[in-house]
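# Fold and contact review
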Amino acid sequence: VQLVESGGGLVQPGGSQRLSCAASGFTFSDYHMRWYRQAPRKERELVARISTAGGTTDYADSVKGRFTISRDNDKNTVYLQMNSLKPEDTAVYYCAATGIWWTSANDYWGQGTQVTVSS
C-alpha cells in the first residue's frame, strides 16, 4: 500500500498550488480520502475530506472557500487545489485513506509534502 503526495514547494502569498496524492495497493474507490496538514509546533489539522465517489466534501473553516478537494478514481488520485494561499498555510501536507467516514482514524497515510507560503 502506498500513498505518495506531490506538488509541494514554495509559493508566494496569494498564489495557488495543487497537491496530488497517488494511491496504490488498495481499492482506492472504496476509501474516503483526507488531506491533513501539520505546521511546526502545531497540532495536526484535518484540512479537507472527500467521500468515495466524490459526492460529499468537507473543509476546515480555515480553508473553506480557498481550497478544493477532488478525486479521480480512474487515476487513483486525490487532489487538493489551494488558492489565495497565506503564510499560515505553510505546513507539511499529508493525504490519508479511511474506510469509515465518521471515524477519526485512518487506514493509510502518505509521507507528506512540504508547502511553504512566503515572499
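The paragraphs below set out a description of the structure included in this document. The structure displayed is predicted, hence computed values, not measured ones.

## Let's talk about the overall build of the protein
Looking only at helices and strands, the protein has zero helices and 11 strands in total. Ordered by position from N to C terminus, the α and β elements of the protein give β-β-β-β-β-β-β-β-β-β-β. The globule rule puts the C-alpha radius of gyration for 119 residues at 14 Å, and the 13 Å found for the protein is close to it. Seen through its principal axes, the protein has C-alpha atoms that stretch 40 × 25 × 25 Å. The buried share among the 119 residues of the protein stands at 43%. Across the protein, contacts joining residues at least 24 apart in sequence account for 55% of those joining residues at least 6 apart.

## Some points on the state of the cysteines
The full count for this structure, using the stated rule, is one disulfide. The disulfide partner of Cys21 is Cys95, and the gap between their sulfur atoms is 2.0 Å. When the S-S torsion is 50 degrees, as for the bridge of Cys21 with Cys95, the disulfide is right-handed. Highlighted residues: Cys21 in strand S3 (residues 17-24) and Cys95 in strand S9 (residues 91-98), separated in sequence by 74 residues. For Cys21, a relative accessible area of 0% translates into the label buried.

## Let's talk about the pairing of strand S8 (residues 77-82)
Consecutive side chains along a regular strand alternate between the two faces of the sheet. Most of S8 is tucked away: five of the six residues are buried. Of the pairings in the sheet, the one linking S3 to S8 comprises six bridges and is antiparallel in character. Bridge assignment links Ala22 to a residue of S8, and that residue is Thr77. Between strand S7 (residues 67-72) and S8, which pair antiparallel one after the other, the connecting turn spans four residues, and Asn76 there sits at a positive phi close to 55 degrees.

## A look at unusual backbone geometry
With a phi angle near 55 degrees, Asn76 is a residue other than glycine that sits in the positive phi range. Even without glycine at this site, Ser84 takes up a positive phi of about 50 degrees.

## Some details on the nonpolar core
Met33, Trp35, Val78, Leu80 and Tyr93 are the most contacted members of the largest nonpolar core, which totals 29 residues. Listed by contribution, the elements that provide at least two residues to this core are S3, strand S4 (32-38), strand S5 (45-50), S7, S8, S9 and strand S11 (113-117). Once you skip the residues sitting within four places of it in the chain, Tyr93 turns out to touch Glu5, Leu19, Trp35, Tyr36, Arg37, Val47, Phe67, Leu80, Met82, Gly112, Thr113 and Val115.

## A closer look at the packing of aromatic side chains
For the structure on display, the rule yields five aromatic pairs. For the ring pair Tyr31 and Tyr108, a centre distance of 5.6 Å and an interplane angle of 50 degrees mean the geometry is tilted. Placement of Tyr31 in the loop between S3 and S4 and of Tyr108 in strand S10 (residues 108-109) is noted, with a sequence separation of 77 residues between them. The exposure class assigned to Tyr31 is buried, which follows from its relative accessible area of 18%. For Tyr108, a relative accessible area of 23% translates into the label partly exposed. The interplanar angle of 45 degrees and the centroid separation of 4.8 Å between the aromatic rings of Tyr36 and Trp109 together place this pair among those described as tilted. Linking Tyr36 in strand S4 with Trp109 in strand S10, this pair joins segments that are 73 residues apart in sequence. For Trp109, a relative accessible area of 33% corresponds to the partly exposed category. The lysine or arginine in question, Arg44, covers the ring of Tyr36, its NZ or CZ lying 5.5 Å from the ring centre.

The rules behind these values
- Residues numbered from 1 in each chain as written.
- Predicted model: local features only at pLDDT ≥ 70, side-chain atom pairs only at ≥ 80, totals over all residues.
- Heavy atoms only, no water.
- Helix = DSSP H or I, 4+ residues; strand = E, 2+ residues; numbered from the N terminus.
- Rg over C-alpha atoms; globule rule 2.2 N^0.38 Å.
- Buried < 20%, exposed > 50% of the residue type's maximum accessible area, 1.4 Å probe, protein only.
- Contact = heavy atoms within 4.5 Å.
- Disulfide = S-S within 2.5 Å.
- Pairing = 2+ DSSP bridges.
- Core = buried A, V, L, I, M, F, W, Y, C linked by side-chain atoms within 4.5 Å.
- Phe/Tyr/Trp six-rings, centres within 6.5 Å; stacked < 30°, edge-to-face > 60°.
- Lys NZ or Arg CZ within 6 Å of the ring centre and 35° of its normal.

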